[in-house]
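# Notes for the structure review
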Amino acid sequence: SYLSFRGRRALVTGAGKGIGRAVAVALSRAGARVTALSRTAADLESLTRECPGIETLCLDLADWEAVEAAVGAAGPFELLVNNAAVAELQPFLEVTRSALQRSLDVNFGAVLHVSQIVARQMIAQQVAGAIVNVSSQASKRALRDHAVYCSTKSALDMLSRVMAMELGPHKIRVNTVNPTVVMTDMGRINWSDPQKAAAMINRIPLGKFAEVDDVVNSILFLLSDKSAMTTGSSLMIDGGFLVS
Ligand code: NDP
């Protein structure tokens, strides 16, 4: 195949469902040794049935100590995909402290923390590495009821740029992918209303939402040596939403 990850060790967060699960499967099929981290044990069990070579870590990314211990022991990795996130949509005037805290912890704090652990190991092992953070078109456009989600993704884009700057001298590349709506569980919960979906699709020049595979392909490209000179960038997978 076009991209091979034979022998590379990869950590994928939020790999129980949706985009993260598809990334874990694709990397495993492309020869990587994959560790899939997620929160629901049943999802990870079904993932290992689907793809027997994959190893799993079942934990909540908001639990700083548990992440430190488990990810530290599972490494080192050359490839990291920070994919896990939550999307609790609330009108700005009704944003709750718990939704804010949870979203900051998972969408932003956990990316910083997991990346620290993995990057320290990359540097100690003197291996070149690639990190892809799964952001969103929502990092670059205001969306109704997305005050917290948009803000965490915007912070994630900037975190990724600073990481790219500081980790570049260690031969570690850091990029984001920024998809439009994808009809995973997260997408279905927030975009199943046909009127709301139609209003979004009308603003997308290509006239459709993204497929899981569109996102997987871009992530694999940014993890691979085919993007060897690309770091600190955000790859839009938005059908042109941003330029419309
Ligand atoms: P899903 O909700 O379908 O899957 C998210 C996965 O992350 C689940 O396996 C979930 O586990 C896991 N996860 C969430 N919180 C934690 C946590 N605290 N600890 C460990 N695992 C956790 O989401 P998608 O696949 O749709 O989204 C993947 C990424 O893509 C996210 O970063 C999202 O923001 C981004 N994205 C999604 C879009 C969409 O429309 N779907 C559009 C643009 C970006 P569990 O279910 O057990 O909680």
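Just so you know, these numbers come straight off a predicted model, no measurement behind them.

### Digging into the side chain of threonine 180
Following the sequence through the fold, threonine 180 ends up in the loop between strand 6 (172-179) and helix 6 (185-191). Setting aside its immediate chain neighbours within four residues, threonine 180 contacts Gln137, Ile204, Phe209, Ala210, Ile237 and Asp238.

### Some details on the layout of surface pockets
Size it by volume and the largest pocket reaches roughly 920 Å³. Forming the walls of the largest pocket are 42 residues, and the residues nearest its centre are Asn83, Ala85, Val86, Thr184 and Met186. Elements with a minimum of two residues in the lining of the largest pocket: helix 1 (18-29), strand 2 (33-38), helix 4 (97-125), helix 5 (147-167) and helix 6. In the lining of the largest pocket, the residues fall into 19 nonpolar, 15 polar and eight charged.

### Some remarks on helix 5
Here helix 5 contains 21 residues, and its C-alpha end-to-end distance of 30 Å stays within 8% of the 30 Å for a straight helix at 1.5 Å per residue. Listed in full, the buried residues belonging to helix 5 are Val148, Tyr149, Cys150, Thr152, Lys153, Leu156, Asp157, Leu159, Ser160, Met163, Ala164 and Leu167. The secondary structure elements touched by the buried residues of helix 5 are helix 4, strand 5 (129-134), strand 6, helix 6 and strand 7 (234-237).

### What about the pattern of salt bridges?
Overall, the coordinates contain seven salt bridges when judged by the stated rule. Between aspartate 43 and lysine 17 there is a salt bridge whose closest N-O contact spans 2.7 Å. Linking aspartate 43 in helix 2 (residues 41-50) with lysine 17 in the loop between strand 1 (9-13) and helix 1, this pair joins segments that are 26 residues apart in sequence. Where aspartate 60 meets arginine 102, a salt bridge forms, and the shortest distance between an N and an O atom there is 3.0 Å. Here arginine 102 lies in helix 4 and aspartate 60 lies in the loop between strand 3 (55-58) and helix 3 (64-74), a separation of 42 residues in the sequence. On the basis of relative accessibility, which here comes to 26%, the residue aspartate 60 falls in the partly exposed class.

### Re the pairing of strand 4 (residues 79-82)
Burial along strand 4 is two-sided: Leu79 and Val81 and Leu80 and Asn82, pointing in opposite directions, are all buried. Relative to strand 5, strand 4 runs parallel, the two being bridged by four bridges. When the bridges of strand 5 are listed, leucine 79 appears paired with alanine 130. The handedness of the strand 4 to strand 5 crossover, carried by helix 4, is right-handed.

### Regarding the sheet that holds strand 5
One open sheet holds the seven strands; their spatial order is 3-2-1-4-5-6-7, and the pairing between them is parallel. Looking at strand neighbours, the two that pair on one side only are strand 3 and strand 7, the edges of this open sheet. Neighbour to neighbour, the strand axes of the sheet diverge by 15° on average, direction disregarded. Here helix 1 sits on the sheet and contacts strand 1, strand 2 and strand 4; the angle it forms with strand 1, its principal contact strand, is near 170°.

### Notes on the site of the ligand
Taken together, 30 residues are adjacent to the ligand, and Lys17, Arg39, Thr40, Tyr149 and Thr184 come closest. Note that an oxygen atom of the ligand is positioned 3.4 Å from one of the backbone N or O atoms of glycine 16. In this structure, aspartate 60 approaches the ligand through a side-chain N or O atom, which is 2.9 Å from a nitrogen atom. Computed on the free molecule, the ligand has an accessible area of 900 Å², of which 94% lies beneath the protein chains in the complex. Taken atom by atom, the bulk of the ligand overlaps the largest pocket. Only helix 1, helix 4, helix 5 and helix 6 provide two or more residues apiece to the shell around the ligand. Among the residues making up the shell around the ligand, the classes are represented as 13 nonpolar, 11 polar and six charged.

Calculation rules
- Residues numbered from 1 in each chain as written.
- Predicted model: local features only at pLDDT ≥ 70, side-chain atom pairs only at ≥ 80, totals over all residues.
- Heavy atoms only, no water.
- Helix = DSSP H or I, 4+ residues; strand = E, 2+ residues; numbered from the N terminus.
- Contact = heavy atoms within 4.5 Å.
- 1 Å grid on protein atoms, 1.4 Å probe; cavity = no way out; pocket = protein on both sides within 12 Å on 5 of 7 lines; lining within 4 Å.
- Points joined across faces, edges and corners; volume = space filled by probe spheres on them.
- Nonpolar A, V, L, I, M, F, W, Y, C, P; charged D, E, K, R; others polar.
- Expected span 1.5 Å × (residues − 1).
- Buried < 20%, exposed > 50% of the residue type's maximum accessible area, 1.4 Å probe, protein only.
- Salt bridge = Lys/Arg side-chain N within 4 Å of Asp/Glu carboxyl O.
- Pairing = 2+ DSSP bridges.
- Right-handed = clockwise from strand over helix to strand, strands pointing away.
- Axes fitted to C-alpha atoms, helices over the stretch in contact; angles between N-to-C directions.
- Near = heavy atom within 4 Å.
- Polar contact = N/O pair within 3.5 Å; in protein donor to acceptor, adjacent residues only side chain to side chain.
- Areas by Shrake-Rupley, 256 points an atom, 1.4 Å probe, with all protein chains shown as cover.
- Sits in = over half its atoms within 2 Å of the grid points.

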